[in-house]
Amino acid sequence: MDGTETRQRRPEELGLLYTLSTGRLPTVSEDGPPSVPEIERVAPKPLGTELSRETALSIGLQVTVPFMFAGLGLSGAGMLLNYFQHWPVFVEVKDLMTLVPPLVGLKGNLEMTLASRLSTAANTGQIDDPQEQHRVISSNLALIQVQATVVGLLAALVALLLGALSSGELDVAKVELLCASSVSTAFLAAFALGMLMVCIVIGARKLGVNPDNIATPIAASLGDLITLSILAFVSSFFHKHKDSLYLTPLVCIGFMALTPMWVLIAKQNPPITKILKFGWFPIILAMMISSIGGLILNKTISEEQYKGMAIFTPIICGVGGNLVAIQTSRISTYLHMWSTPGVLPLWMKKFWPNPCSTFCASEINSISARVLLFLVIPGHLIFLYVIYLVEGHSVPNSKTFVVFYLLAGLIQVTILLYLAEVMARLTWHQALDPDNHCIPYLTALGDLLGTGLLALCFLITWLLRSEVELDGILEPVSGPPQ
């Protein structure tokens, strides 16, 4: 080990005193350690001091309220999905249910990614100047409109393909309805949630609150509600006017025709232009992963042994995606502030860190991982209580199910938080921004893990209940004669 490595310290030890005295962050050399530059430059209100001072308590206090708010929103989304599944359009067009996870997952692919990018920009002072703020915000909003339009159309095509492979038939009328519903929902939801994220990040910056801790939970809380509502009403509208030959094609063509305008606006910002050119693979692959979760939902939602699947799917998927998006956003901000793209800090050189170091170390990212993991069980218990109060007749009334459900939620979030650490390091080493390349994958994996583990919970609970009922029937028969 050379002298540079032995002298290098973590940002919690090195740079804090300098930041406190000068009001700005030390720079990071390619050798890894933060160092004080020779020439003094004025930096626009960095939050390095606040990030270094964060404790488990401060992180918990900032995260808990928006997380609980998000969970209540997810509970409401579950109840809405349980209600919408009986609408004529969902009953007649089964593939529409396959669209739910990828479209709802767009908040992870687009809105949460937007929130993470804006949070990083806010924490590094990039949006303090009004002119720069306008350029950053307008280009980011235009980018998600382009992405939403394209990914919305692709999500419909993937849902149709999965449906055709599983059922062996393809209805042309369904193609038009699914494409128009998907594109319209993705576009409108992206616009509404994008504007909301901008307001939240700017407001948090002015109030001195770390946007990383609150922007993504609020995106999760309202994202599912808004997206599900738009999908239900838009698809019902197209279903009622299914005899109109030109309505759905014109809607699709209209939204696609707006794409060049959004591209021109997005190109005002060079980093956004780079995402526009090379950032498609993560969101498209994430959409395809979420679609597999949608297929699981589509195949189980109408079965008696999976009664309540519609209610719990948005909750378990949303909680996992919400927590991992917070952690990924925090790690991304941490790397932006203490290193340069392509160069990992010495204490993060391992691509596959020991899971114990991810959750049990004293570093700020490990502390936040523990806080987020500790929120899983209490959060799910509160959301379960709300569900049982409002929709108790529609969900399993079994302690066995609750135990398996909580275990599934804990397993899901543990896996996602560890993968967030791994993927952030890998993408940063490749000079890629974790905000854009990690969150889509992780939220999509959260959808797939959540849906799969939830279906397994219902199946195990049903099997155990069937076994108990069978034992109760056979016991009198096999007992001694009276």
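Residues numbered from 1 in each chain as written. Predicted model: local features only at pLDDT ≥ 70, side-chain atom pairs only at ≥ 80, totals over all residues. Heavy atoms only, no water.

Colleague: If you had to explain the side chain of serine 332 to someone new, which residues and values would you point to?
Modeller: Mapping serine 332 onto the fold places it in helix 16 (residues 309-338). Once residues lying within four places of it in the same chain are set aside, the contact partners of serine 332 are Thr120, Asp433, Pro434 and Asp435. (Helix = DSSP H or I, 4+ residues; strand = E, 2+ residues; numbered from the N terminus. Contact = heavy atoms within 4.5 Å.)

Colleague: Summarise the nonpolar core; cite the residues concerned and give the values.
Modeller: Counting residues in hydrophobic clusters, the biggest one holds 125 residues, and the most contacted among them are Phe312 and Tyr405. Discounting chain neighbours no more than four positions away, the residues touching phenylalanine 312 are Leu384, Ile387, Val395, Pro396, Phe401, Tyr405, Leu454 and Phe458. Counting residues in each nonpolar core, the second largest holds seven residues, with Val324, Cys438, Tyr441 and Leu442 among its members. (Core = buried A, V, L, I, M, F, W, Y, C linked by side-chain atoms within 4.5 Å. Buried < 20%, exposed > 50% of the residue type's maximum accessible area, 1.4 Å probe, protein only.)

Colleague: I'd like to hear about the pattern of salt bridges, residue by residue, with values.
Modeller: Tallying each qualifying case throughout the model produces four salt bridges. Where glutamate 92 meets lysine 242, a salt bridge forms, and the shortest distance between an N and an O atom there is 3.9 Å. Within this pair, whereas glutamate 92 is found in helix 5 (residues 88-92), its partner lysine 242 is found in the loop between helix 11 (211-240) and helix 12 (247-257), the two being separated by 150 residues in sequence. Assessed through its relative accessible area of 45%, glutamate 92 is described here as partly exposed. With a closest N to O distance of 2.8 Å, arginine 425 and glutamate 421 form a salt bridge. (Salt bridge = Lys/Arg side-chain N within 4 Å of Asp/Glu carboxyl O.)

Colleague: Account for helix 16, naming residues and giving values.
Modeller: Relative to the 44 Å expected for 30 residues at 1.5 Å per residue, helix 16 spans 43 Å between its end C-alpha atoms, a close match to the ideal helical length. By the criterion of burial, helix 16 is predominantly enclosed, with 29 of the 30 residues buried. (Expected span 1.5 Å × (residues − 1).)

Colleague: Quick rundown of the side chain of serine 291? Include the residues and the values.
Modeller: Within the secondary structure, serine 291 is located in helix 15 (residues 280-300). Residue classification places serine 291 among the buried residues on the basis of a relative accessible area of 1%. Sequence-distant contacts of serine 291, defined by excluding residues within four places in its chain, comprise Thr98, Pro102, Val158 and Leu162.

Colleague: Give me the lowdown on the packing of aromatic side chains, citing residues and values where you can.
Modeller: The final tally for this structure, using the stated rule, is 15 aromatic pairs. With a centroid separation of 5.7 Å and 50° between ring planes, the pair formed by tyrosine 83 and phenylalanine 84 is classed as tilted. Classification of tyrosine 83 as exposed rests on a relative accessible area of 51%. Seen from their ring centres, phenylalanine 401 and tyrosine 405 are 5.9 Å apart, and the 25° between their planes marks the pair as stacked. Within this pair, phenylalanine 401 and its partner tyrosine 405 are both found in helix 20 (residues 399-429), separated by four residues, close to a single helical turn. A residue is classified by how much of its surface remains accessible, and tyrosine 405, at 1% relative accessible area, is buried. Grouping aromatic residues by their ring pairs yields a cluster made of Tyr306, Phe312, Phe401, Tyr405 and Phe458. (Phe/Tyr/Trp six-rings, centres within 6.5 Å; stacked < 30°, edge-to-face > 60°.)

Colleague: Give me the lowdown on the confidence of the model for the protein, citing residues and values where you can.
Modeller: Counting all residues, the mean pLDDT for the protein is 81, and 83% of those residues have values of 70 or more. Scored below 50 in pLDDT, residues 1-9 shows eleven contacts in the model against residues more than four places distant or in partner chains. Note that residues 11-49 has pLDDT below 50 and, in this model, 74 contacts with residues that lie over four places away or in other chains. (pLDDT = per-residue confidence, 0-100.)

Colleague: I'd like to hear about unusual backbone geometry, residue by residue, with values.
Modeller: Despite not being glycine, alanine 431 shows a phi value in the positive range, around 60°. By the element assignment, alanine 431 lies in the loop between helix 20 and helix 21 (434-437). Taking the relative accessible area as the measure of exposure, alanine 431 reaches 36% and is therefore partly exposed.

Colleague: Help me get a handle on the packing of helix 4 (residues 56-84) against helix 18 (residues 364-374), residues and values and all.
Modeller: Close contact between helix 4 and helix 18 brings their axes to 9 Å; oriented N to C, the two are set at 50°. One way to sum up the angle between helix 4 and helix 18 is to call them oblique. The interaxial crossing formed by helix 4 with helix 18 has right-handed handedness. Contact residues: Ala56, Ile59, Gly60 and Val63 in helix 4; Ile364, Ile367, Ser368, Val371 and Leu372 in helix 18. Classifying every residue of the contact of helix 4 with helix 18 by side-chain character gives seven nonpolar, two polar and no charged. (Axes fitted to C-alpha atoms, helices over the stretch in contact; angles between N-to-C directions. Parallel < 35°, antiparallel > 145°, perpendicular 65-115°, else oblique. Left-handed = near helix turned anticlockwise from the far one by under 90°. Nonpolar A, V, L, I, M, F, W, Y, C, P; charged D, E, K, R; others polar.)

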